[in-house]
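Below, each chain spelled out in residue letters.
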Amino acid sequence: MSTKRTIEHGKRDGFASLSPMTGGGLNPDSFPMRLFRKGNAKPWDPASIDFSQDAKDFAAMTDDERWQTCALAAQFLAGEESVTQDLQPFVAAMASEGRLADEMYLTQFVYEEAKHTQAFRLWFDAVGMTGDLHEYIDDNEHYMQIFTQALPESLYALQNDPSPRSQIRASVTYNHIVEGTLALTGYFAWHKICAERGILPGMQQVIKHIGDDERRHMAWGTFTCRRHVAADDANWDLVDERMQELMVPAMGVVTGTVDRFGEGETPFGIDINELAEYAMDKLGRRLGAIESARGADLHVIDVDAEPENLEEQFHAEDERELVAAAAG
Ligand SMILES: [Fe+2]
Ligand SMILES: [Fe+2]
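Computed from a prediction, not measured in an experiment: that's the story for all the values here.

A. Looking closely at the overall build of the chain. Of regular secondary structure, the chain possesses twelve helices and zero strands. Reading the chain from its N terminus to its C terminus gives the helix and strand order α-α-α-α-α-α-α-α-α-α-α-α. The C-alpha radius of gyration of the chain comes to 20 Å, within 12% of the 20 Å expected for a compact globule of 328 residues. Projected onto its principal axes, the C-alpha coordinates of the chain cover approximately 70 × 40 × 40 Å. Residue burial in the chain is summarised as follows: out of 328 residues, 53% are buried. Sequence separation of at least 24 residues holds for 81% of the intrachain contacts in the chain that already meet a minimum separation of 6. With the model as given, the accessible surface of the chain reaches about 14,600 Å², and the carbon-plus-sulfur share is 51%. Computing the positive centroid from 29 side-chain charges and the negative centroid from 56, the chain places the two 6 Å apart.

Next comes the structure, spelled out in structure tokens:
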């Protein structure tokens, strides 16, 4: 029986990749390794997307429509930049726990967030919006609260304390609120803007690719909470607690985007109640997947595909709804 080596950053005394599976080595069937393989098989290049029609569509919008479109795109751009930076403490936290497979997957995850940042920046440049864009987010108080406080604070807490408690607070904030609630609701809004009117084909491609990457990200977040909840039932309360803390600001971000418009006057017919309902449904079901790990065997959780299956199921539901909306 070999002893488990330390792979924590700066404290390495051996190598997980050289270790047997029973001693901290890589399990190819583990959840993070499966996500890693999936991501490697689906490369895409933001620079290869053609935004020339987007520039024409953007120029043809009314002022309110243009404002709404820029506000949504600016929230995404600043959000993608934030998550690119703020995930990095989680990468190191995985190494401190001796989890090389998670660390490897998270490096791909960070790279994908950087690519998402690039994609939205390219879009703004292509439609001619090269000036300061802070005006589109500065007045959204809840947006600023989440992206300048809640998100960085809970992620950088991992630097000094990579405990399960900190990981749960970080994952709920990052994977379940920012990605699972805000970004997911944002895609829904993009569909309203683009698909129903048949405009912004470049942005439609961006959203399709990003949505695909994000399904793996959210699945990893669900997996991470599940393994901590399975290991210690008291951790379930931490999931719930963090979720409650962030629910109000998260909903505030969603409604804050259309605050400036009177009721029924939101550009593109965006219905805030529909958006909020959509967000709550997904959040509730993902929480259910975490709760189902209570009392489960950790070895089962480590290979269980439920978090991946759940995201695929959400995707299939969205596709069906879009087809119905297009036909309707
Ligand atoms: Fe992203
Ligand atoms: Fe993400």
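After that view of the structure, there is still more to cover.
B. Expanded view of the side chain of Glu113. Within the fold, Glu113 resides in helix 5 (residues 100–126). Polar contacts involving the side chain of Glu113 include one to the side chain of His116, which spans 3.1 Å. Ignoring sequence-local partners within four residues, the contact set of Glu113 consists of Glu80, Val83, Thr84, Tyr174, Glu179, Glu214 and His217.

C. Highlighting the coordination of the iron ion (ligand 2). Within the protein, the iron ion (ligand 2) binds to Glu113 (OE), Glu179 (OE), Glu214 (OE), Glu214 (OE) and His217 (ND1); these donor distances fall in the range 1.9 to 2.4 Å. Taken as a pair, the iron ion (ligand 2) and the iron ion (ligand 1) lie 3.5 Å from each other and share Glu113 as a ligand. With Glu179 in helix 7 (residues 164–194) and His217 in helix 8 (residues 201–231), this pair connects stretches of sequence that are 38 residues apart. Just as Glu179 is buried, His217 falls in that class too.

Scoring rules and cut-offs
- Residues numbered from 1 in each chain as written.
- Chains lettered and ligands numbered in written order.
- Predicted model: local features only at pLDDT ≥ 70, side-chain atom pairs only at ≥ 80, totals over all residues.
- Heavy atoms only, no water.
- Helix = DSSP H or I, 4+ residues; strand = E, 2+ residues; numbered from the N terminus.
- Rg over C-alpha atoms; globule rule 2.2 N^0.38 Å.
- Buried < 20%, exposed > 50% of the residue type's maximum accessible area, 1.4 Å probe, protein only.
- Contact = heavy atoms within 4.5 Å.
- Areas by Shrake-Rupley, 256 points an atom, 1.4 Å probe, with all protein chains shown as cover.
- Lys, Arg positive; Asp, Glu negative; His and termini not counted.
- Charge placed at Lys NZ, Arg CZ, Asp CG, Glu CD.
- Polar contact = N/O pair within 3.5 Å; in protein donor to acceptor, adjacent residues only side chain to side chain.
- Donors = N, O, S within 2.8 Å, 3.2 Å for Na, K, Ca; no water.

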